[in-house]
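# Geometric and topological summary
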Amino acid sequence: MARRWVIPDIHGYAKTLATLMSDLVRPMRSDELYFLGDYVDRGPDSKGVIDLIRGLDRSGFNVTALRGNHEDIMVELYDAFGQAGSAWWFNFASRKNRGWLDMGGKATLASFKASAIGDIPPDYIEWMRELPYYHPLERFVLVHAGLNFTIDDPFEDLRSMLWLREYEIRPEKIGGRKIIHGHVPVNLELITQSVNSRAYKFIDLDNGPYLAGREGFGNLVALELNSMEVVIQPNVD
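Residues numbered from 1 in each chain as written. Predicted model: local features only at pLDDT ≥ 70, side-chain atom pairs only at ≥ 80, totals over all residues. Heavy atoms only, no water.

Attention now goes to the overall build of the chain. Secondary structure assignment for the chain yields seven helices and nine strands. Its C-alpha atoms give the chain a radius of gyration of 18 Å, near enough to 18 Å, the size a compact globule of 237 residues would have. Across its three principal axes, the chain shows a C-alpha extent of roughly 55 × 45 × 35 Å. Split into buried and exposed, the 237 residues of the chain put 52% on the buried side. Here the contacts in the chain between residues at least 6 apart in sequence split such that 64% fall between residues at least 24 apart. Only carbon and sulfur atoms are counted for the fraction: they give 50% of the accessible area of the chain, which is about 10800 Å². (Helix = DSSP H or I, 4+ residues; strand = E, 2+ residues; numbered from the N terminus. Rg over C-alpha atoms; globule rule 2.2 N^0.38 Å. Buried < 20%, exposed > 50% of the residue type's maximum accessible area, 1.4 Å probe, protein only. Contact = heavy atoms within 4.5 Å. Areas by Shrake-Rupley, 256 points an atom, 1.4 Å probe, with all protein chains shown as cover.)

Here you go:
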């Protein structure tokens, strides 16, 4: 039976992702691989993370990669500098650039051997631009951050899918499905509870691989949807 793996925020930890895939996930081409966004920033090799995911896709694996807020920032910033002919656009791009660098963008530039975001090869930016915001399955909705249940159709608010941190879930608005997301790092205990308990309306899989050394955090996890097995890969970068 084909397996279905969900992998959350990787944040530039390419060696950790590669080890997770080779040692624990061990995907076959019949499997489904779902990535929840935030491939870049913080860790040492954002380019390597994207190359690994794109390489799986090109090799015939069944890959669905969603957009995270960090990819969204990079696309917006790349476009902003492209329009920075006026003083307003230049100032806007400069402010956004400073914020991105503080969120781990410096490490991303280093991984591309780039001095500015405009030096990143355009095909990487276009890959990020084409990433979908969410993916519905029969029992789950996969999304980077969450859904806005204060509106009639939660699937209309794309920005909330990237940035929401706290929200009340109303399953009846999404066909009774459970949300699986990342974005907000939580400890391994909460991940285990949300996977194993039907009382939870969500599963947050983000264990913050950049939080290595903090008790209960610092790992890259993956969830197999058929068996609801969680595998845990410590940060090895």
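Now that the structure has been shown, the text picks up again.
A few words now on the layout of surface pockets. A probe as big as a water molecule, rolled over the atoms, marks out the empty space that is left. Space inside the largest pocket adds up to approximately 210 Å³. Around the largest pocket, the lining residues are Arg139, Phe140, Gly176, Arg177, Lys178, Val195, Asn196, Ser197, Arg198 and Met228. Of the residues contributing to the lining of the largest pocket, the split by class is three nonpolar, three polar and four charged. (1 Å grid on protein atoms, 1.4 Å probe; cavity = no way out; pocket = protein on both sides within 12 Å on 5 of 7 lines; lining within 4 Å. Points joined across faces, edges and corners; volume = space filled by probe spheres on them. Nonpolar A, V, L, I, M, F, W, Y, C, P; charged D, E, K, R; others polar.)

Turning our attention to the sheet that holds strand S4 (residues 134-136). Spatially, four strands are ordered S4-S5-S6-S7 in an open sheet, and the strand pairing comes out mixed. Looking along the sheet, the strands with just one partner apiece sit at the ends: S4 and strand S7 (202-204). Strand-to-strand twist in this sheet, taken as the mean axis angle between neighbours without regard to direction, amounts to 15°. Pairing analysis gives three bridges linking strand S6 (residues 178-181) to S7, with the strands arranged parallel. (Pairing = 2+ DSSP bridges. Axes fitted to C-alpha atoms, helices over the stretch in contact; angles between N-to-C directions.)

Orientation of helix H1 (residues 14-25) relative to helix H2 (residues 46-58), taken along the N-to-C sense of each, is 30°, at an axis distance of 8 Å. Crossing geometry of H1 relative to H2 is assigned as right-handed. Between H1, through Ala14, Leu17, Ala18 and Met21, and H2, the contact on the second element is made entirely by Gly48, Val49, Leu52, Ile53 and Leu56. Within the contact of H1 with H2, the residues separate by chemical class into eight nonpolar, one polar and no charged. (Left-handed = near helix turned anticlockwise from the far one by under 90°.)

The next thing to look at is helix H7 (residues 188-196). Taken as a whole, H7 has its buried residues at Ile191, Ser194 and Val195. All buried residues of H7 fall inside an arc of 100° around its axis, so they share one side. Among the exposed residues of H7, those pointing more than 90 degrees away from its buried face are Glu189 and Asn196. Tucked into the core, H7 has its buried residues touching S6, S7, strand S8 (219-224) and strand S9 (229-234). (Arc of directions from axis to C-beta.)

Glancing now at the packing of aromatic side chains. Under the definition given, this model contains five aromatic pairs. An angle of 25° between the planes, with centres 4.7 Å apart, marks the rings of tyrosine 134 and phenylalanine 155 as stacked. In this pair, tyrosine 134 is assigned in strand S4 and phenylalanine 155 in the loop between strand S5 (140-143) and helix H6 (158-163), connecting sequence segments 21 residues apart. Residue tyrosine 134 is classed as partly exposed on the basis of its relative accessible area of 28%. Where phenylalanine 149 meets tyrosine 167, the ring centres are 6.5 Å apart and the plane angle is 20°; that geometry is what we call stacked. (Phe/Tyr/Trp six-rings, centres within 6.5 Å; stacked < 30°, edge-to-face > 60°.)

We note that arginine 26 has phi near 45°; this positive angle belongs to a residue other than glycine. Structurally, arginine 26 can be placed in the loop between H1 and strand S2 (32-35). The phi torsion at aspartate 41 lies on the positive side, around 75°, for a residue other than glycine.

Within the element layout of this structure, isoleucine 191 appears in helix H7. In this structure isoleucine 191 comes out as buried when scored by relative accessible area, which is 1%. The spacing of isoleucine 191 and valine 230 is 39 residues in sequence and 8.8 Å in space, taken between C-alpha atoms. With residues up to four places along the chain from it excluded, the contact list for isoleucine 191 reads Val186, Asp204, Leu205, Asp206, Asn207 and Val221.

Limitation: the analysis is restricted to geometry and does not speak to function.
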